4 protein chains.
Amino acid sequence: MRIGVLTSGGDCPGLNAVIRSVVHRAVVDHGDEVIGFHDGWKGLLECDYRKLDLDAVGGILARGGTILGSSRVQPAHLRDGVERARGHVAELGLDAIIPIGGEGTLKAAHLLSEAGLPIVGVPKTIDNDIASTDVTFGFDTAVGVATEALDRLKTTAESHQRVLIVEVMGRHTGWIALHSGMAAGAHAIVVPERPFDMDELTELVGRRFSAGKRFAIVVVAEGAKPRAGSMEFDEGGKDVYGHERFAGVARQLSTELEERLGKEARPVILGHVQRGGTPTAYDRVLATRFGWHAVEAAHRDEFGMLTALRGTDIVMVPLGEAVETLKTVPAERYAEAECVL
Amino acid sequence: MRIGVLTSGGDCPGLNAVIRSVVHRAVVDHGDEVIGFHDGWKGLLECDYRKLDLDAVGGILARGGTILGSSRVQPAHLRDGVERARGHVAELGLDAIIPIGGEGTLKAAHLLSEAGLPIVGVPKTIDNDIASTDVTFGFDTAVGVATEALDRLKTTAESHQRVLIVEVMGRHTGWIALHSGMAAGAHAIVVPERPFDMDELTELVGRRFSAGKRFAIVVVAEGAKPRAGSMEFDEGGKDVYGHERFAGVARQLSTELEERLGKEARPVILGHVQRGGTPTAYDRVLATRFGWHAVEAAHRDEFGMLTALRGTDIVMVPLGEAVETLKTVPAERYAEAECVL
Amino acid sequence: MRIGVLTSGGDCPGLNAVIRSVVHRAVVDHGDEVIGFHDGWKGLLECDYRKLDLDAVGGILARGGTILGSSRVQPAHLRDGVERARGHVAELGLDAIIPIGGEGTLKAAHLLSEAGLPIVGVPKTIDNDIASTDVTFGFDTAVGVATEALDRLKTTAESHQRVLIVEVMGRHTGWIALHSGMAAGAHAIVVPERPFDMDELTELVGRRFSAGKRFAIVVVAEGAKPRAGSMEFDEGGKDVYGHERFAGVARQLSTELEERLGKEARPVILGHVQRGGTPTAYDRVLATRFGWHAVEAAHRDEFGMLTALRGTDIVMVPLGEAVETLKTVPAERYAEAECVL
Amino acid sequence: MRIGVLTSGGDCPGLNAVIRSVVHRAVVDHGDEVIGFHDGWKGLLECDYRKLDLDAVGGILARGGTILGSSRVQPAHLRDGVERARGHVAELGLDAIIPIGGEGTLKAAHLLSEAGLPIVGVPKTIDNDIASTDVTFGFDTAVGVATEALDRLKTTAESHQRVLIVEVMGRHTGWIALHSGMAAGAHAIVVPERPFDMDELTELVGRRFSAGKRFAIVVVAEGAKPRAGSMEFDEGGKDVYGHERFAGVARQLSTELEERLGKEARPVILGHVQRGGTPTAYDRVLATRFGWHAVEAAHRDEFGMLTALRGTDIVMVPLGEAVETLKTVPAERYAEAECVL
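Note that the structure is a prediction, hence the values are computed from the model and not measured.

Before going further, it helps to examine the overall build of chain A. The number of helices and strands found in chain A is 12 helices and 11 strands. Whereas a compact globule of 341 residues would reach a radius of gyration of roughly 20 Å, chain A reaches 22 Å, a difference of no more than 12%. Judged by the C-alpha coordinates and their principal axes, chain A covers about 70 × 35 × 35 Å. Partitioning the intrachain contacts of chain A with sequence separation of at least 6 by distance along the chain shows that 75% fall at a separation of at least 24. In chain A, 37 positive and 48 negative side-chain charges are present, and the distance between their average locations comes to 4 Å.

Printed below as a string of structure tokens:
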């Protein structure tokens, strides 16, 4: 068999572990050939690739990033490129393509699969918001990094007698905020799924100070927003330099809380550090299993499918199903975190 | 409601997170009272306890060990003590008892439950061998510690051109060996579920050297044994000082491999470091959820049950079911690790 | 002997280790009594303190923050309070006061010492800018945290093909930037001691891309500024919400580099995470030695002095000397980092 | 200039950082050529080497081990090989050789230097026992690994109510034991420099239990021995399998303490994990500075010298001086650790 693999979208710890696993399983156990496309779908469209043998994937299991490079997918661009992709697949004699990526990548994968290309997808997102799998690799590492930061920030908040508003990743879903907030014992967790009421949040944090505590930690997902009318909120959030990326909920929340509570409040934005570097053991195992099972699915001619974790099993799920809805934090899970906003 | 909590058996990262969660949920949300028995079942039998309020569990979420102390359960001792336990429960006006522990503890919990005491168990073992739950807290931390050690040992094995035989915990099951071995890219993984054939193991490791590699890492669970007749093996494994604990499979395997391969081999025994210290974010979240749901079960009068993880949900499972069989590494999972012994 | 100890100024990993060491040495070895003032100099001025025995310092060696609390010193306030402080020292029968703090604290300590109070100072700053000691505790932890973040950011920068501008602490000196930048292999390091020329920096980073590299990491100390005229620079740096703390060199540099290079550039501001949490082993040893030697100095009546590391020895240095100048990064050390700006 | 570099002796975190630094400084800043000999002195004697350019040292700064391989030096073998080495140096047109290694390597380097070869040594040992430098790289990492293990073991010792005897590296000197023991708050530290009296050690640990504590941690350097006559001690220390490496002071001490105290005692042997893996930021900076200054020394024709840290400066020290004596733990440093044995 001849298999092409590619990584697409944002950085995510475990990408290299999937690549390595695909190569190990395919080359060693099945005697397949594997090639890796450079920079995501771009590599497929431009027929830019290299051969991946055992040496090529030596020592990458624990390394962050992706040895194949990545790029953000432009769906329109890809739609126009279906025939080009088909041509390259034929030309290279590929029997299977394994794209590893997030929501955008999987939509693209579904498109190509519908067009008849032999695709087995592997889901990837630190945000953990893909509905068809219990967990995605990268999430555990992101939560671990955020939790370690929160552990450190706690002693500082305490000694400075401050409220720290810590912004973690999560544009559409609050999984990282929920898990890191629970793991670090945050005093409030704010997620996009549930617009926060500024009065309630103020009261919640204020109650801590009334009870004699000297600090508070609020974890907020970058995509969280206040309930309409509960505070003035700059949605566009551009800063004085015109960069959209610098404004954000943590900063606005911090200003508002400081004014309302009369306590020093400071925002901390964890940023990219959550998505890079060595994956945790958990993510390496999950990524390795995904790679292994993607190769098996290809050998069983199960195309148009996605690897997914269900309980302790890896199962195959139709690509179309996987991209339908985002997996959001359900009310029960939010309730467990004991923060009533 | 009045709830008693206790921790029993070996150390396990996450115990304090459960205790804290029980207190938070019960005291803050339900207005319950919580007491903690000292040193496991001993505390219940001797009516040795203290009150647990919010202050008592402040700052313990990320701390290893257990603030309540622990002791190994003596089933016979406990059987004789059922009436004494019942008396103390009545005397203290307890509506629920939440024991947190491993197989032995849960068997004891089942016994007391059968005798009519209001028990909600929380499973605990770094070994991950309790059948009724997908995962137990403590396991992720143990795997993380072992993986980090393996990551470090790899560079040393390479620079010394050696075979390192790394013994990890797991008397009856190979979960820690399997996951840490997969996560670190071990070249062979040896588990108790599958007696190893010394000839095959030698050949597997030898093949690496034939292929020009200069080192190898073998991960072996402490309870692993050779296939009968495949090598001489000292099961009793006492050392010259008469300590049973020092012998072990890694040392014997190391001697044997060195002789057979003509390569330097060294055993490394990771030991207790796997079961102590700060839990990972994963374990803190799981432990916190178990504590939360144990309190909820008590409030629903669901006694004789055990908290369990199934997929992403916490469910309640009958205690009797939970202690029937050990969860061993199935053949499919072992196959994924790509080590054919 | 009766000793009072206090911690003042910003959070710094190792504060608790000093407190513990003072108590261990004084109480166990000398049979002294130790009290701890709450919230820095405020505690001394308001006679707010508690007794510190062995139990009080149990388990704090590895914990970040300070069990005594801290506050920023107001020199004017303290100057007015000299007589009050003297009164409390007499009233409490104190033979020695050990303030642990940074530049401001040490200036205050010098003032009180000049006024005749029996002071032995312990220097504390994550910035490492106190001239009389080779190193201050807290610095190694801050560098470690920044380096780990840089290690993680590298893979992300690479996979996103970006320039990342990482802002680390250091208002007046570039020690954290220099050491973390060297440790992580940053491609440019920008320090306050050496205003950067924007043309040179652009060329330096640009050369990397010309040479075929796909990303670059620039580490910049928060206090760094461009050479006059080399770029427009908003020194005040207030943001749209009027907060001085959010603007900063990294953001401005990022915007400028992106425009000049035509490559995506992103700022990452590590922030408070650098000054909190568990100290490294290095910082715990240094902090413990400082505490030990401060007690010894008190017992030798060596007041008006400061503990300092010189080579591998702890020596005592006059407080007046210690606060004269800031220790800046010398040209030779900057040259070693191989970044010609 | 043409420079040869080699790494010799046991694994040590920071070796790759030195190699990288030599290449960066020599190739980029001086326009030199650098070659790396394989497997230590063996590579020089057998003229087995490869060219080292910037690409060859890409991404190795934070990686443990050595990309050049290593081997233990056989001094006699090297003595016979002086002429062969001289021949290869001439043949390859080398202007300088930079061996990176421990005591044995530096003795060999001194020998070759005396024979007229242009040598600049770089000291390397996790044991920190080279007298001419304040610190050697690798030591900080080893202490960090040991401290993290001790942190974890503490909670386990406490929950199991045990004495743990933790054996760390240090055959001739107790630096790792001293620093990790201080950093983790061990209750006794046993070093080779000071044979321990078993009665005193028993009393010291026993006093803790008398004072109501439930556990104790003893850190012991692998080379520590009891005072003559204070207990039976098997110096040879072979185990039942005839391996010298498995016996050891921790195990014997554990047996003895358990008997004398009547408390459960267990040995934990940290082993190779202390010498592998990612170096700390401290070690990466020190290693980088050593490499930089070694190249500078070569360009100044300062041969027969060794890089050394004195305070915050890197200085050059005659090789002959460096190998005269071992740097042992002085009484004052031991006294600071507050363990009176």
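Okay, the UniProt feature "binding site: Mg(2+)" (unreviewed entry) in chain A next. Residue and element names in this part refer to chain A. Here the UniProt-annotated "binding site: Mg(2+)" (unreviewed entry) positions come out as Glu103. Inspection of the secondary structure puts Glu103 in helix α5 (residues 103–114). Discounting chain neighbours no more than four positions away, the residues touching Glu103 are Ile130, Val323 and Leu326.

A few words now on the UniProt feature "active site" (unreviewed entry) in chain A. Residues annotated in UniProt with the feature "active site" (unreviewed entry) correspond here to Asp127 of chain A. Each residue touching Asp127 of chain A, except ones within four places of it in the same chain, is listed here: Phe139, Met169, Gly170, Thr173, Trp175 and Ile176 of chain A.

Attention now goes to the interface of chain B and chain D. When the parts of a complex come together, some accessible area is lost, and that lost area is often taken as the interface size. Contacts between chain B and chain D engage 47 residues on the former and 47 residues on the latter. For the interface between chain B and chain D, the tally reads 2 salt bridges. Between Arg214 of chain B and Asp39 of chain D there is a salt bridge, with its nearest N and O atoms 2.6 Å apart. At the level of elements, α6 (139–160), α9 (249–261) and β9 (265–269) of chain B are the ones that each hand at least two residues to the side of chain B that touches chain D. Sort the elements by how many residues they give to the side of chain B that touches chain D and α6 of chain B lands first, with 10 residues. Partitioning the side of chain B that touches chain D into residue classes produces 12 nonpolar, 20 polar and 15 charged.

Turning our eyes to something else, we now look at the packing of helix α7 (residues 175–184) of chain C against helix α10 (residues 281–299) of chain D. The relative placement of two packed helices comes down to the angle between their axes together with the axis-to-axis distance. Viewed as axis vectors pointing N to C, α7 of chain C and α10 of chain D meet at an angle of 80 degrees, and their least axial separation amounts to 8 Å. Classed by the angle they form, the pair α7 of chain C and α10 of chain D counts as roughly perpendicular. Counting all contacts with α7 of chain C, which are made through His179, Met182, Ala183 and Ala184 of chain C, the residues of α10 of chain D involved are Ala281, Arg284, Val285, Thr288 and Arg289 of chain D. A breakdown of the residues in the contact of α7 of chain C with α10 of chain D according to their chemical character gives 5 nonpolar, 2 polar and 2 charged.

Within the secondary structure, His160 of chain C sits in helix α6 (residues 139–160). Among the polar contacts listed, one links the side chain of His160 of chain C to the side chain of Arg162 of chain C, at a separation of 3.4 Å. Setting aside residues up to four positions removed in sequence, His160 of chain C forms contacts with Gly10, Asp11, Arg72 and Arg275 of chain A together with Glu264 of chain C.

Bringing the sheet that holds strand β6 (residues 163–168) of chain A into the picture now. All names here are of chain A. Read from one edge of the open sheet, 4 strands run β7-β8-β6-β9, paired in parallel fashion. A single partner strand is all that each edge strand has here, and the edge strands are β7 (188–190) and β9 (265–269). The average undirected angle you get between the axes of adjacent strands in this sheet is 20 degrees. Note: β6 against β9, 5 bridges, orientation parallel. Bridging from a neighbouring strand, Leu164 pairs with Arg266 of β9. Against the sheet, helix α7 (residues 175–184) makes contact with β6, β7 and β8 (216–221), and its axis sits at roughly 170 degrees relative to β7, the strand it touches most.

Attention now goes to the domain arrangement of chain A. Residues and elements named next belong to chain A. You can read the domains of chain A as domain 1 (2–138 + 279–322) and domain 2 (141–275). Contacts between the two partners involve 12 residues from domain 1, matched on the other side by 9 residues from domain 2. In this assembly, domain 1 packs against domain 2 so that about 890 Å² is buried in total across both faces, 50% of it on carbon and sulfur atoms. Applying the counting rule to domain 1 against domain 2 returns 0 salt bridges. Viewed at the interface, domain 2 and domain 1 are joined by 5 residue pairs in polar contact (both at pLDDT 80 or more).

Opposite charge on two side chains lets them pair, provided their charged atoms get close. Enumeration over the complete set of coordinates arrives at 77 salt bridges over all chains. Residue Asp199 of chain A pairs with Arg260 of chain A through a salt bridge whose shortest N-O separation is 2.7 Å. With Asp199 of chain A in helix α8 (residues 198–210) and Arg260 of chain A in helix α9 (residues 249–261), this pair connects stretches of sequence that are 61 residues apart. Residue class for Asp199 of chain A comes out partly exposed when judged on its relative accessible area of 49%. Ionic pairing is found between Asp55 of chain D and Lys213 of chain C, a salt bridge with its closest N-O pair at 3.7 Å. In this pair, Asp55 of chain D sits in the loop between β3 (49–51) and α3 (75–80) while Lys213 of chain C sits in the loop between α8 (198–210) and β8 (216–221), so the two residues belong to two different chains.

The subject of this paragraph is the confidence of the model for chain A. On average, residues of chain A score 93 in pLDDT, and 95% of them are at 70 or above. Interface confidence in the predicted complex, given as ipTM, is 0.95; pTM for the same model is 0.96.

Scoring rules and cut-offs
- Residues numbered from 1 in each chain as written.
- Chains lettered and ligands numbered in written order.
- Predicted model: local features only at pLDDT ≥ 70, side-chain atom pairs only at ≥ 80, totals over all residues.
- Heavy atoms only, no water.
- Helix = DSSP H or I, 4+ residues; strand = E, 2+ residues; numbered from the N terminus.
- Rg over C-alpha atoms; globule rule 2.2 N^0.38 Å.
- Contact = heavy atoms within 4.5 Å.
- Lys, Arg positive; Asp, Glu negative; His and termini not counted.
- Charge placed at Lys NZ, Arg CZ, Asp CG, Glu CD.
- UniProt positions renumbered as here; feature names shortened; annotations may be inferred.
- Salt bridge = Lys/Arg side-chain N within 4 Å of Asp/Glu carboxyl O.
- Nonpolar A, V, L, I, M, F, W, Y, C, P; charged D, E, K, R; others polar.
- Axes fitted to C-alpha atoms, helices over the stretch in contact; angles between N-to-C directions.
- Parallel < 35°, antiparallel > 145°, perpendicular 65-115°, else oblique.
- Polar contact = N/O pair within 3.5 Å; in protein donor to acceptor, adjacent residues only side chain to side chain.
- Pairing = 2+ DSSP bridges.
- Domains from an automatic or database assignment.
- Buried area = accessible area lost by both parts, 1.4 Å probe.
- Buried < 20%, exposed > 50% of the residue type's maximum accessible area, 1.4 Å probe, protein only.
- pLDDT = per-residue confidence, 0-100.

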